[in-house]
Amino acid sequence: MRKIMDFASLKRIKFKILQCGTTRTKMLNLSWRKIVRHFSNYVRIVEVGPRDGLQNESVIVPTSTKISFINKLSETGLKTIEATSFVSPQWLPQMGDNKEVFEGINIKPGISYPVLVPNLQGLHQALDVGVQEVAIFGAASEAFSRKNINCSIAKSIERFSLITEQAAQRNIRVRAYISCIVGCPYEGDVKPSVVASLAASMLELGCYEVSLGDTIGVGTPKKIRAVLNELKTLSPSGTFSEFALHCHDTFGQALTNIYSSLDFGIRIFDSSVAGLGGCPYAAGASGNVATEDLLYFLNGQGLESGVDLKKVIDVGDYISTQIGRENKSKVGTAILRKEKHTRVKN
Ligand SMILES: [Zn+2]
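Because the structure is predicted, anything quoted here is derived from the model rather than measured. (Residues numbered from 1 in each chain as written. Predicted model: local features only at pLDDT ≥ 70, side-chain atom pairs only at ≥ 80, totals over all residues.)

Asks: Sorry, what's going on with the overall build of the protein here?
Replies: Secondary structure summary: the protein contains 14 helices and eleven strands in total. A burial count over the protein gives 45% of its 346 residues as buried. (Helix = DSSP H or I, 4+ residues; strand = E, 2+ residues; numbered from the N terminus. Buried ≥ 20, exposed ≤ 12 C-beta atoms within 10 Å, placed from the backbone.)

Put into structure tokens, the structure is as follows:
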């Protein structure tokens, strides 16, 4: 695998380049600009714990806990926190208090709080409470699309167009999700060309970002790379700035997959604090990659996110305690255990 270079290493390379002759310097400076553009040092984390995480937990979390959970997340440096979902409570009872949650949180300037909307009705309900950003969701598998949103992929694109059109008229940003980018619980392997075709439609509809979801966590670096290779032509800047990666850790491959995507220039990752959630198609499976584990990894790679690891660990501890669930972040539990040990010793 190609080595990921951090910013400091690139600076050292540039210094060496500048020690060479003028013509060579000019030539290499060009490639330096190219490299810097490709290997941005900043990563944006999209915290999906309050929505993707909690909707897949078996317990129904009290509204006041959700509100204080989101408010605590807002103090960690995160710039995007997915707050809730405006899917019908018949389908998703865990998110039935969407209106109360959104109206109850402290909207902090500089932070985006997108909500999931499945249709125009959901969009209107979200707009009524002042939502500024919504997320739509489709799947790269026909069977999953029919089971999850009750229509074919082609029909789902028609539905999305109604949402994106009205959102554009009101200056509402739209993020898109594609589920099952490498594997589907009903169809098995998913073709990268299907992912690319759906992603192209979503970008054409005006979505500012497409989050590529390994919904059941079956991806491996080889499979993720195959999808990203197929998407290359959809990123005119060549930096993949239009794409995010959304990894579930069902088979423990999430961080490996994220690592492999850095080479392509992916710099937006979805994660859930404490690894909240699960997989409705694999009982007892892990949820999203834990934000704490992702942050520890990014920090170790010299990548910046502006998110405070210690604060995120404390929020992970808070929500795990509140819902009486094991904290599934390895980094979170290791550091909390160490702190407890130090306190006992003192
Ligand atoms: Zn997910």
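Asks: Mind showing me how you'd approach the environment of Ile 153 here?
Replies: One can find Ile 153 in helix α8 (residues 153-169). By C-beta crowding, Ile 153 is classed as buried, having 20 other C-beta atoms within 10 Å. With ten residues separating them in the primary sequence, Ile 153 and Ala 143 have C-alpha atoms 9.2 Å apart. Sequence-distant contacts of Ile 153, that is, excluding residues within four places in its chain, are made with Gly 138, Glu 142, Ser 145 and Leu 198. (Contact = placed C-beta atoms within 7 Å.)

Asks: Explain the nonpolar core to me, please; I cannot follow it from the model alone.
Replies: The tendency in soluble globular proteins is for nonpolar side chains to be buried as a group. Counting residues in each nonpolar core, the largest one holds 89 residues, and the members touching the most others are Val 115, Val 134 and Ile 178. What Val 115 contacts, discounting residues up to four positions off in sequence, is Ala 83, Thr 84, Ser 85, Phe 86, Asn 98, Phe 102, Ala 126, Val 131, Val 134 and Ala 135. (Core = buried A, V, L, I, M, F, W, Y, C linked by C-beta atoms within 7 Å.)

Asks: What's the story with the pairing of strand β11 (residues 268-271) in this structure? I'm lost.
Replies: Within a regular beta strand, the side chains point alternately toward one face of the sheet and then the other, so they alternate between its two faces. What you see with β11 is no split at all: Ile 268 and Asp 270 on one side and Phe 269 and Ser 271 on the other are buried throughout. Pairing of strand β1 (residues 44-47) with β11, which is carried by four bridges, proceeds in the parallel orientation. Residue Val 46 lies in a different strand from β11, and its bridge partner there is Asp 270. Strand direction decides the pairing type here: strand β10 (residues 243-247) and β11, joined by two bridges, are parallel. Across the sheet, residue Leu 245 finds its bridge partner in β11, namely Phe 269. Handedness of the β-α-β unit built from β10, helix α11 (residues 254-262) and β11 comes out right-handed. (Pairing = 2+ DSSP bridges. Right-handed = clockwise from strand over helix to strand, strands pointing away.)

Asks: Sorry if this is basic, but what is going on with the pairing of β10 here?
Replies: Across the five residues that make up β10, a large majority, five, are buried. Of the two faces of β10, the one lined by Phe 243, Leu 245 and Cys 247 and the one lined by Ala 244 and His 246 are each fully buried. Sheet topology places strand β9 (residues 209-214) next to β10; five bridges connect them, and they run parallel. The residue of β10 that forms the bridge with Asp 214 is Cys 247.

Asks: How should I be thinking about unusual backbone geometry in this particular structure?
Replies: Comment: phi is negative for the bulk of residues other than glycine, and the bulk of peptide bonds are trans. Unusually for a residue other than glycine, Asn 171 sits at a positive phi of about 60°. Its place among the elements puts Asn 171 in the loop between α8 and β6 (173-179). Phi is positive for Cys 180, close to 60°, though the residue is something other than glycine.

Asks: Any chance you could explain helix α4 (residues 63-73) here in plain terms?
Replies: Helical geometry note: an α-helix holds 3.6 residues per turn, so side chains three or four residues apart project in the same direction. Taken residue by residue, α4 has Lys 66, Ile 67, Phe 69, Ile 70 and Leu 73 as its buried positions. The arc enclosing the buried residues of α4, seen along the axis, measures out at 160°, which places them on a common side. Where the residues of α4 are buried, they touch β1, α3 (49-55), β2 (80-81), α5 (98-104) and α13 (309-323). (Arc of directions from axis to C-beta.)

Asks: I'm lost on the sheet that holds β10 in this one. Help?
Replies: Two modes of strand pairing occur in sheets, parallel and antiparallel, and in both the strands are linked by backbone hydrogen bonds. What the nine strands build is an open sheet, ordered β2-β1-β11-β10-β9-β6-β5-β4-β3; its pairing is parallel. The open sheet has two free edges, formed respectively by β2 and β3 (84-85), since each of these has just one partner strand. Note: β1 against β2, two bridges, orientation parallel. Its bridge partner lying in β2, Glu 47 is registered against Ile 81. Across the sheet, α11 lies against β9, β10 and β11, angled at about 165° from β10, the strand it touches most. (Axes fitted to C-alpha atoms, helices over the stretch in contact; angles between N-to-C directions.)

Asks: Any chance you could explain the environment of Ser 64 here in plain terms?
Replies: Examined against the element boundaries, Ser 64 turns out to sit in helix α4. For Ser 64 and Ile 105, which are 41 residues apart along the polypeptide, the C-alpha to C-alpha distance reads 9.4 Å.

Asks: What am I meant to see in the packing of helix α12 (residues 291-300) against helix α14 (residues 330-345) here?
Replies: How two helices sit against one another is set out by the angle between their axes and by the gap between those axes. One way to put it is that α12 packs onto α14 with a least axis distance of 6 Å and a crossing angle of 85°. When the axis of α12 is compared with that of α14, the two are roughly perpendicular. Contacts between α12 and α14 involve Glu 292, Asp 293 and Tyr 296 from the first element and Lys 330, Val 331 and Gly 332 from the second. A per-class count over the contact of α12 with α14 returns two nonpolar, one polar and three charged. (Parallel < 35°, antiparallel > 145°, perpendicular 65-115°, else oblique. Nonpolar A, V, L, I, M, F, W, Y, C, P; charged D, E, K, R; others polar.)

Asks: Is there a simple way to think about the environment of Ala 199 in this case?
Replies: With respect to the element layout, Ala 199 can be found in helix α9 (residues 192-204). It is 8.1 Å that separates the C-alpha atoms of Ala 199 and Leu 231, two residues lying 32 residues apart in sequence. The residues contacting Ala 199, other than those within four sequence positions of it, are Ile 178, Val 210, Leu 231 and Leu 234.

Asks: What should I look at first to understand α8 in this one?
Replies: Its 17 residues place the ends of α8 25 Å apart at the C-alpha level, agreeing with the 24 Å of an ideal helix rising 1.5 Å per residue. Among the residues of α8, Ile 153, Ser 156, Phe 160, Ile 163, Thr 164 and Ala 167 are the ones counted as buried. Along α8, the residues classed as buried sweep out an arc of 100° about the axis, all on the same side. When the buried face of α8 is taken as reference, the exposed residues oriented beyond 90 degrees from it are Ala 154, Glu 158, Glu 165 and Gln 169. Against α6 (120-128), β5 (133-139), α7 (142-149), β6 and α9 lie the buried residues of α8. Phi turns positive one or two residues past the end of α8, at Asn 171, with a value near 60°. (Expected span 1.5 Å × (residues − 1).)

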